[in-house]
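Structural characterization, general
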Amino acid sequence: MDMKDTLQFYRKHQGLSQVELAEALDVSRQTISKWETGTALPSAENLLALSKLYGVTVDALLNGTAIERTQEPLELVSLVPEPPAALPPEPGLIPRQRLIAWMLAAILLADLVLFFMGISWYATSFHSGFLTFIEFLRIFTACAIGLCFAWYDRRWPAKTRTSLLIAAAALFLGLFPLLFPSPLLWRLYDLIAWSGVRTFEAVLPSNPVRMFIGLILCDELVIFFHMLCVATFYLGHLWFSRKKKNCIPQPQAAQQA
């Protein structure tokens, strides 16, 4: 490539017209035209100015070699900070809706099992300590369900204040019917379990489904069982999430500090 073609190529490559290049070099437009037609050659001072303007060496202008950038064009740096990239979802994260559904199913299953165990106690009243065993089993089952699902939910972040408030509120709602028995709950139980029964001489209501619903909604121990599940879940979730956070290896620089 001749020098005249090289000068024209670099000028067009920079997106400059002959007038603009002439103003940048403080020469006339006719001078630029003479350079690019080969009727005149630029001086050493003008060649140096062209090399700085185009970001190439003087040798590239003289010998007509391919583009050889010696200076990278300045890039405008945005003053607005880029938003942090979203972290990929942690593997093994169970959706909250599915976890709640599983927990409710486990509580309902425990209610059914303990309900039939209680009915068997009423049917065979010879075992006086069996009812106490059922109540202790109910408390143990509530703690086991709460801790089990808290362990499955440990990958979700836990807020300390929110978890403690919910756990305290659940324990208060569970203990309140035990400490202050409400006749309203008894009347509601009679309305649900014994509805349609003309006499109360029977030991158990004739409809076990109504009795089960009445116990779930109105029995003080069952209410405490449900609230204990909630409190244990939030306290366990707080404990397991903190334990998992402490098990994450820290950077070496932080460890040395």
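That block above? That's the structure.
First, a word on scope: everything that follows refers to the structure included in this document. Note that the structure is a prediction, hence the values are computed from the model and not measured. (Residues numbered from 1 in each chain as written. Predicted model: local features only at pLDDT ≥ 70, side-chain atom pairs only at ≥ 80, totals over all residues. Heavy atoms only, no water.)

1. Thoughts on a nonpolar patch on the surface
The condition is simple: Put simply, a patch holds well-exposed residues, over 30% relative accessible area, that have no salt bridge, with like charges counted together within 9 Å and Val, Leu, Ile, Met, Phe, Trp or Tyr side chains within 5 Å. Residue exposure ignores everything except the shown protein chains as possible cover, and the areas themselves are Shrake-Rupley values with a 1.4 Å probe. The salt bridge definition used is simple: a Lys or Arg side-chain nitrogen within 4 Å of an Asp or Glu carboxyl oxygen. Under the scheme used here, helices are H or I runs from DSSP no shorter than 4 residues and strands are E runs no shorter than 2 residues, and both carry numbers assigned from the N terminus.
A cluster of nonpolar side chains, namely L171, F172, L173, L175, F176, L178, L179, F180 and L221, defines an oily patch on the protein surface of about 840 Å² accessible area. Looking at where F176 falls in the secondary structure, it is placed in helix α8 (residues 160-179).

2. What to know about the packing of helix α9 (residues 183-193) against helix α10 (residues 208-218)
Selection criterion: In this analysis an axis means a line fitted to C-alpha atoms, helices contributing only their contacting stretch, and an angle means the value between N-to-C directions, from 0 to 180 degrees. Any angle between 65 and 115 degrees counts as roughly perpendicular, while under 35 counts as roughly parallel, over 145 as roughly antiparallel, and the rest as oblique. It is the rotation of the near helix from the far one that decides the hand of a crossing: anticlockwise by less than a right angle makes it left-handed, clockwise makes it right-handed. Residue contacts follow a heavy-atom distance rule, with two residues in contact if any of their heavy atoms lie within 4.5 Å. In this classification, Asp, Glu, Lys and Arg are treated as charged, Ala, Val, Leu, Ile, Met, Phe, Trp, Tyr, Cys and Pro as nonpolar, and every other residue, Gly included, as polar.
α10 packs onto α9 with a crossing angle of 160° between their chain directions and a minimal axis gap of 8 Å. One way to sum up the angle between α9 and α10 is to call them roughly antiparallel. Like other packed secondary-structure pairs, α9 and α10 cross with a definite hand, here right-handed. Packed against α9, whose contacting residues are L185, L188, Y189, I192 and A193, the element α10 presents R210, M211, I213, G214, L215, L217 and C218 at the interface. Among the residues forming the contact of α9 with α10, the class breakdown is ten nonpolar, one polar and one charged.

3. Structural notes on the packing of aromatic side chains
Rules: The criterion for an aromatic pair is that two Phe, Tyr or Trp rings (for Trp, the six-membered ring) have centres within 6.5 Å, with stacked assigned to planes under 30 degrees apart, edge-to-face to planes over 60 apart and tilted to the rest. Only protein chains enter the area calculation, which uses a 1.4 Å probe; residues under 20% of their type maximum are buried, those over 50% are exposed, and those in between are partly exposed.
For the coordinates displayed, the defined rule picks out eight aromatic pairs. With a centroid separation of 5.5 Å and 70° between ring planes, the pair formed by F9 and Y10 is classed as edge-to-face. The interplanar angle of 20° and the centroid separation of 5.8 Å between the aromatic rings of Y10 and Y54 together place this pair among those described as stacked. Here Y10, found in helix α1 (residues 3-13), pairs with Y54, found in helix α4 (residues 44-54); they are 44 residues apart in sequence, far enough to count as distant. Neither Y10 nor Y54 differs from the other in exposure class; each is buried.

4. A word on unusual backbone geometry
Positive phi is not limited to glycine here, since D26 has a value of about 60°. Residue position: D26 is located in the loop between α2 (18-25) and α3 (29-37). D26 sits in the exposed class, given a relative accessible area of 70%.

5. A short note on the nonpolar core
For clarity, the cut-off: Definition of nonpolar core: a set of buried residues of the types Ala, Val, Leu, Ile, Met, Phe, Trp, Tyr and Cys, connected through side-chain atoms within 4.5 Å.
Of all hydrophobic cores here, the largest spans 14 residues; its most connected members are L50, Y54 and L61. Going through the elements one at a time, α1, α2, α3, α4 and α5 (58-63) are the ones with two or more residues in this core. For L50, the contacting residues outside a window of four places in its chain are L7, L21, L25, W35 and L61. Counting residues in each nonpolar core, the second largest holds 13 residues, with A110, F149, F224 and F225 among its members.

6. Re α10
We count it as follows: This arc is built from the directions going out from the helix axis to the C-beta atoms. Counting of polar contacts relies on pairs of N or O atoms within 3.5 Å, with two restrictions inside protein: one atom must be capable of donating a hydrogen and the other of accepting it, and residues adjacent in sequence are counted only when both atoms are side-chain atoms.
Every buried residue of α10 is listed here: M211, F212, G214 and C218. Down the axis of α10, the buried side of the element spans an arc of 165°, and every buried residue falls inside it. Taking the backbone nitrogen of V209 as reference, a side-chain oxygen 3.1 Å away marks N207 as the first, capping residue of α10.

7. Describing the state of the cysteines
Applicable threshold: Pairs of cysteine sulfur atoms within 2.5 Å are what we label disulfides.
A full pass over the atoms with the stated rule returns zero disulfides. Looking at the unpaired C143, the closest cysteine sulfur is the one in C229, lying at 7.9 Å. C143 sits in the partly exposed class, given a relative accessible area of 25%.

8. Section: α9
Three or more residues of α9 are buried, namely L185, Y189, I192 and A193. For α9, the angular spread of buried residues about the axis comes to 80°, placing them on one side. Pointing more than 90 degrees away from the buried face of α9 are the exposed residues L184, R187 and L191.

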